[in-house]
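# Notes for the structure review
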Amino acid sequence: MDLLVDARLELERFGEQLSSSNPELYRHLALYLQVLRQGLLNSLQQACFHVSTQIDPQRYLQLSQRRRQHLHLRLISLASRASSLLTVEQLCQLANQMHKNRLRSHRNRQQRLFEALQGQGTNDGQISSQGHGNSLNPSFRPPEGSVNLGLALPLGRNFLGETGLAALMPSEGVDRLRSDGPQEDELPVIDQPGALEAMAAVFSEAFSSFDDSPEAITPWDGGQLPVNPATLLRWLEGYERALVQRLRNLSHAVNVELLRQEVTSSLLPVSLLDAVLQGQMDPLTAPANVLRLQLPLMAEDSAPSMESVAVLLRLADLEQDQPKLRTCRSRLQQHRQEVRRMAQQYRRLERRVQALEAEKLWLQDISTAKNS
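First, a word on what this report is: a plain description of the structure on this page. Treat the numbers as computed from the prediction; the structure is a model and nothing was measured.

### Structural notes on the overall build of the protein chain
Assigned secondary structure in the protein chain consists of 10 helices and 2 strands. Counting from the amino terminus, the protein chain carries its helices and strands in the arrangement α-α-α-α-α-α-α-α-β-β-α-α. Across the 372 residues that make up the protein chain, the buried fraction comes to 36%. Long-range pairs, those at least 24 residues apart, make up 76% of the contacts in the protein chain with a sequence separation of at least 6. Only carbon and sulfur atoms are counted for the fraction: they give 51% of the accessible area of the protein chain, which is about 22,600 Å².

### Some details on the pattern of salt bridges
In total, this model carries 12 salt bridges according to the counting rule given. Between E357 and R8 there is a salt bridge, with its nearest N and O atoms 2.8 Å apart. Here R8 lies in helix 1 (residues 2–55) and E357 lies in helix 10 (residues 323–371), a separation of 349 residues in the sequence. Across the salt bridge formed by E307 and R292, the nearest N and O atoms sit 2.8 Å from each other. With E307 in strand 2 (residues 306–311) and R292 in strand 1 (residues 290–295), the pair connects residues that are 15 residues apart, well separated along the chain. Linked by salt bridges that have partners in common, R74, E257 and R260 make up one network.

### Quick word on a nonpolar patch on the surface
Taken together, W362, L363 and I366 make up a surface patch of nonpolar side chains, about 340 Å² in accessible area. Inspection of the secondary structure assignment puts W362 in helix 10. By relative accessible area, which is 59% here, W362 ends up exposed.

### Quick word on unusual backbone geometry
Positive phi is not limited to glycine here, since E262 has a value of about 65°. Within the element layout of this structure, E262 appears in the loop between helix 7 (229–260) and helix 8 (270–277). Of note, the phi angle at N289 is positive, near 65°, even though the residue is not glycine. Given the relative accessible area of 1%, N289 is considered buried.

### Topic: the side chain of E240
Topologically, E240 is positioned in helix 7. The exposure class of E240 is buried, given its relative accessible area of 19%. Excluding residues within four positions of it along the chain, E240 makes contact with L315, R329 and R336.

### Observations regarding helix 8
Because an α-helix packs 3.6 residues into every turn, residues spaced three or four apart end up facing the same way. Buried residues of helix 8: L272, L273, A275 and V276, and no others. Projected onto a plane normal to the axis of helix 8, the buried residues spread over an arc of 160° and lie on a single side. Packed against the buried residues of helix 8 are helix 7 and strand 1. Positive backbone phi, approximately 75°, marks G279, located one or two places after helix 8.

### Some remarks on the packing of helix 1 against helix 7
At their nearest, the axes of helix 1 and helix 7 sit 12 Å apart, and the two run at 15° to each other. Taken together, the axis directions place helix 1 and helix 7 in an arrangement best described as roughly parallel. Of the two possible hands of crossing, helix 1 and helix 7 adopt the one that is right-handed. A class-by-class count of the residues in the contact of helix 1 with helix 7 yields 21 nonpolar, 2 polar and no charged.

### Side note on the nonpolar core
Counting 60 residues, the largest nonpolar core has Y32, W235 and V254 as its most contacted members. Taken together, the elements giving at least two residues each to this core come down to helix 1, helix 3 (65–84), helix 4 (88–136), helix 7, strand 2, helix 9 (315–321) and helix 10. Broken down by element, the residue count for this core peaks at 16 residues, all from helix 1. Not counting residues within four places of it along the chain, the set of residues in contact with V254 comprises L44, C48, L75, L78 and V311. If you look at the next biggest cluster of nonpolar residues, it comprises 11 residues, including L272, L273, A310 and L312.

Criteria and cut-off values
Residues numbered from 1 in each chain as written. Predicted model: local features only at pLDDT ≥ 70, side-chain atom pairs only at ≥ 80, totals over all residues. Heavy atoms only, no water. Helix = DSSP H or I, 4+ residues; strand = E, 2+ residues; numbered from the N terminus. Buried < 20%, exposed > 50% of the residue type's maximum accessible area, 1.4 Å probe, protein only. Contact = heavy atoms within 4.5 Å. Areas by Shrake-Rupley, 256 points an atom, 1.4 Å probe, with all protein chains shown as cover. Salt bridge = Lys/Arg side-chain N within 4 Å of Asp/Glu carboxyl O. Patch = residues over 30% accessible without salt bridge, like charges linked within 9 Å, V, L, I, M, F, W, Y side chains within 5 Å. Arc of directions from axis to C-beta. Axes fitted to C-alpha atoms, helices over the stretch in contact; angles between N-to-C directions. Parallel < 35°, antiparallel > 145°, perpendicular 65-115°, else oblique. Left-handed = near helix turned anticlockwise from the far one by under 90°. Nonpolar A, V, L, I, M, F, W, Y, C, P; charged D, E, K, R; others polar. Core = buried A, V, L, I, M, F, W, Y, C linked by side-chain atoms within 4.5 Å.

Have a look at this one:
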């Protein structure tokens, strides 16, 4: 099994290579955050300047000097507080918390669906049994282990509703199901009263194989950069999401303060800010770090509408205004592309090692069966 030994050594070399390059990656991450902290207050003040003086300047003019001074002091305080949280260590903790919250929410959705399946199956079985017994003899009870042919409707293809199996599976399992699983027209129609309980048990056993427990070890638990390329790529993705959320939290706090001081007349909910950041909504043209939305979102042409403006700090806008930040981003992108390339090679090599180990185990089992 020289091939297996060589493949394992190759996997170890990936870890050694990352161990030597991770310190440089950490320096790039820390430098990016340092430059971001230095220009954060200026970018925030520019966005608030546009909202206060270009949208509805009359509101700002009506403020007393004390309230105007309080507003500017609050902006400085909010930016300073957010800057203290823009460190690699703080973002790692936030990424870890966000990951566990998603897993916990996913587990809760799975549990609710399992309970719905089991409850519906129990109700169908009772209705089936009662209907059969009442039609012949109200006091009739079938022997234990008997099969009841009820009059309930058979289980259709949409028994899980519109969400289907995707609501039961982790995000990485949905693509696998869509690519490997049967198509919709191949799904059989199940007409047994206890099919829902059995199917729920099968789903529970199948999905328990996914390591998505909130208490499981995450890439951000170790306190240092992972030496596994695939894990490091996940670490970078979670780190980026945590950075975006930290800026979104600052933006929401600033919008609340602008509304409290009556500089603006409306407050966009956090869900809309997230939708814009995730590309689910197309905002109107606006200056950097300023969000303009036409409300209501689904209004007809003849229906009255209004325009809502808010502060939304975005990495793309911040990097566009700060050349140093763009330079740091380009370095991070180069390092990330290298990590992605290594992760692809690592996964292929890891599957190769698993195949070789399975072959080795198969040959051992064959030899043992012959000798016995």
